[in-house]
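Results of the structural survey
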Amino acid sequence: MNEGLIIKVTGNIYTVRDISGETIPCVIKGNLRVKGFKSTNPIAVGDKVLYSKVSGDSKGIIHQILDRKNYIIRKATKLSKQYHIIASNVDQAILVVTLIEPLTTFEFIDRYLVSCEAFRIPAIIVINKVDLYEGQWHQKFKDLKEIYTSAGYICIETSIVNGINLSAFKDILQNKVSVLNGHSGVGKSSLIKAIAPQLDIKIGEISQYHRAGLHTTSYSQMYEIFKHTFIIDTPGIKGFGLIDIEKNELYHFFPEIFKTSKSCKFHNCTHIHEPGCAVIEAVKHDKIAFSRYNSYLNIYFDENEKYRSPF
Ligand code: GDP
Ligand code: ZN
């Protein structure tokens with residue numbers, strides 16, 4: 001039995017990469033059992049599996065999925081109790097953002113980060129197109145960088161046009177499995193092309209939605225851009241939002257709010273209206289960015305409900 005890595009899933013064919021880098025199409029052994037939650041797909045990109053080759057057959061057989069260190073999931077459908085695994089065993093999530101052409105809102109970034117925290121995947125923010133941030137945009141760029149750096153996230157600013165920090169971008173990917181996300185047009189494909197010119201891939205076009213009954217299935221794909229350096233292109237980032245987070249646990253996924261909450265008067269403080277709330281105090285004194293706190297409230301109360309800000 002050999003160990004391999006799932007780099008692509010199409011229908012019921014699983015492409016396995018062995019340690020030497022060779023790929024073998026595989027099928028699942030009939031009685032393969034999957035532990036844990038109910039998912040619409042038994043194996044996802046990023047899974048490590050045990051497989052065997054059958055002499056005379058071009059396809060291998062997958063016998064076992066090795067324990068996952070983490071995974072990105074979304075609900076199969078909005079109301080469904082079943083999940084779809086988007087990717088597993090991810091070392092880090094990289095969100096590429098821009099302030100203009102196109103705009104990535106702070107709330108979008110916060111929602112993405114909350115999902116990463118919930119999935120226990122370290123997140124890094126790449127602020128691209130810094131060549132464009134002049135005049136009023138320069139201050140906005142500085143604010144963005146300051147807010148997320150002080151929240152505890154690594155932020156790197158890049159520009160394809162001016163060749164800024166491309167080697168730093170390459171360094172953060174090296175020897176890791178990264179998911180790469182961000183709105184269409186922020187420069188994901190350009191960044192990959194700049195550090196791996198031999199690759200000709202369009203990141204973000206992976207969303208192959210195909211209808212099978214009521215389910216909409218979408219696949220991720222993994223690319224080996226350098227030896228032992230992988231990036232995963234995942235379908236529609238919207239999918240990230242479709243997970244259940246308990247309201248009273250939401251603040252755990254804002255690292256700076258969580259840290260500050262240890263000084264709240266009440267242990268079950270929601271950080272919305274309570275007296276003696278250290279979080280509200282910190283926001284008032286600019287120790288926690290208002291935009292971060294605002295995103296906390298917006299997610300807490302969901303889009304549909306009105307909320308009362310303590311300010
Ligand atoms: P993707 O949809 O995220 O993969 O974005 P692309 O890589 O296709 O880039 C979208 C557009 O932004 C292209 O026209 C790129 O040339 C342009 N672009 C990418 N990076 C930069 C940058 O650093 N500065 C500027 N000014 N434009 C960029
Ligand atoms: Zn509080």
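Bear in mind the structure is a predicted one, so any value in this text is a computation, not a measurement.

Notes on the overall build of the protein chain
Along its length, the protein chain carries seven helices and 15 strands. Every one of the 311 residues in the protein chain was classed for burial, and the buried ones make up 49%. The long-range fraction of contacts in the protein chain, counting pairs at least 24 apart against all pairs at least 6 apart in sequence, stands at 63%. When the accessible surface of the protein chain is totalled, it reaches about 15,900 Å², and 52% of it is carbon and sulfur.

Focus: the coordination of the zinc ion (ligand 2)
For the zinc ion (ligand 2), the full set of protein donor atoms is C264 (SG), C269 (SG), H271 (ND1) and C277 (SG), and the range of their distances to it is 2.1 to 2.4 Å. If you look at the zinc ion (ligand 2), its four donor atoms make angles of 102 to 117° with each other, and the shape they trace is tetrahedral. Read from N- to C-terminus, the donor residues coordinating the zinc ion (ligand 2) fall into the pattern C-x4-C-x1-H-x5-C. We note that C264, like C269, is buried.

Some details on the packing of helix α3 (residues 166-173) against helix α4 (residues 188-195)
In helix packing, the relevant descriptors are the interaxial angle and the interaxial distance, both defined with respect to the helix axes. Packing of α3 against α4 brings their axes to within 10 Å, and their N-to-C directions diverge by 90°. The orientation of α3 relative to α4 falls into the category roughly perpendicular. Residue-level inspection shows L166, F169, K170 and L173 of α3 in contact with α4, the latter providing L191, I192, A194 and I195. Residues of the contact of α3 with α4, tallied by class, amount to seven nonpolar, no polar and one charged.

Let's talk about the pattern of salt bridges
Enumeration over the complete set of coordinates arrives at eight salt bridges. Taking the shortest distance from any N to any O, the salt bridge between E107 and R111 comes out at 3.0 Å. With E107 and R111 both in helix α1 (residues 106-118), this residue pair falls four residues apart, about one helical turn. Several salt bridges share partner residues, and in doing so they unite D110, E256 and R292 into one network.

Cut-offs and rules
Residues numbered from 1 in each chain as written. Chains lettered and ligands numbered in written order. Predicted model: local features only at pLDDT ≥ 70, side-chain atom pairs only at ≥ 80, totals over all residues. Heavy atoms only, no water. Helix = DSSP H or I, 4+ residues; strand = E, 2+ residues; numbered from the N terminus. Buried < 20%, exposed > 50% of the residue type's maximum accessible area, 1.4 Å probe, protein only. Contact = heavy atoms within 4.5 Å. Areas by Shrake-Rupley, 256 points an atom, 1.4 Å probe, with all protein chains shown as cover. Donors = N, O, S within 2.8 Å, 3.2 Å for Na, K, Ca; no water. Tetrahedral: all angles 85-135°; square planar, octahedral: opposite > 155°, others 65-115°. Axes fitted to C-alpha atoms, helices over the stretch in contact; angles between N-to-C directions. Parallel < 35°, antiparallel > 145°, perpendicular 65-115°, else oblique. Nonpolar A, V, L, I, M, F, W, Y, C, P; charged D, E, K, R; others polar. Salt bridge = Lys/Arg side-chain N within 4 Å of Asp/Glu carboxyl O.

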